[in-house]
Amino acid sequence: MRRQITALRSRHSENLRITYLLNRLLIKIAYLSEPESAAHAEELREAFARTMADIEKRVTNNVRKPSGKTNK
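Residues numbered from 1 in each chain as written. Predicted model: local features only at pLDDT ≥ 70, side-chain atom pairs only at ≥ 80, totals over all residues. Heavy atoms only, no water.

This paragraph deals with the overall build of the protein chain. A count of helical and extended segments in the protein chain gives three helices and zero strands. Order of helices (α) and strands (β) in the protein chain, N terminus to C terminus: α-α-α. The 72 residues of the protein chain split such that 25% are buried. Of the contacts formed within the protein chain by residues at least 6 apart in sequence, a portion of 58% connects residues at least 24 apart. Just so you have it, the protein chain exposes about 6,100 Å², and 53% of that area is on carbon and sulfur atoms. (Helix = DSSP H or I, 4+ residues; strand = E, 2+ residues; numbered from the N terminus. Buried < 20%, exposed > 50% of the residue type's maximum accessible area, 1.4 Å probe, protein only. Contact = heavy atoms within 4.5 Å. Areas by Shrake-Rupley, 256 points an atom, 1.4 Å probe, with all protein chains shown as cover.)

For the structure shown, the criterion picks out two salt bridges. Glu 42 is the partner of Arg 45 in a salt bridge, and the nearest nitrogen-oxygen pair spans 3.1 Å. In this pair, Arg 45 and Glu 42 are both assigned in helix α3 (residues 38-62), three residues apart and thus about one turn of the helix distant. Given the relative accessible area of 34%, Glu 42 is considered partly exposed. Residue Asp 54 pairs with Arg 58 through a salt bridge whose shortest N-O separation is 3.2 Å. Of this pair, Asp 54 and Arg 58 both sit in helix α3, separated by four residues, roughly a single helical turn. By relative accessible area, Asp 54 is classed as partly exposed at 22%. Judged by relative accessible area, Arg 58 falls into the partly exposed class, the value being 25%. (Salt bridge = Lys/Arg side-chain N within 4 Å of Asp/Glu carboxyl O.)

Glancing now at helix α2 (residues 16-29). The terminal C-alpha atoms of α2, which comprises 14 residues, lie 20 Å apart, in line with the 20 Å expected from a rise of 1.5 Å per residue. Among the residues of α2, Ile 18, Thr 19, Leu 21, Leu 22, Leu 25, Leu 26 and Ile 29 are the ones counted as buried. For α2, the angular spread of buried residues about the axis comes to 160°, placing them on one side. Counted as exposed and oriented over 90 degrees from the buried face of α2: Leu 16, Ile 27 and Lys 28. Buried residues belonging to α2 abut α1 (2-11) and α3. (Expected span 1.5 Å × (residues − 1). Arc of directions from axis to C-beta.)

Quick look at the structure:
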């Protein structure tokens, strides 16, 4: 999971909001080796899913829309 988050952070390094969210998630999981229980594992999966959904939403909203100019 850490490698996926780090790779995603690298792909979006120019977007400080996304980098911030990913750094927060990395901090949450930095010292974990194994979940303490099934409930803890589910909590981590949900935190990961929420962060990824938030990032996807932000990436989608930041996609540049084509300008009204056309090449003639």
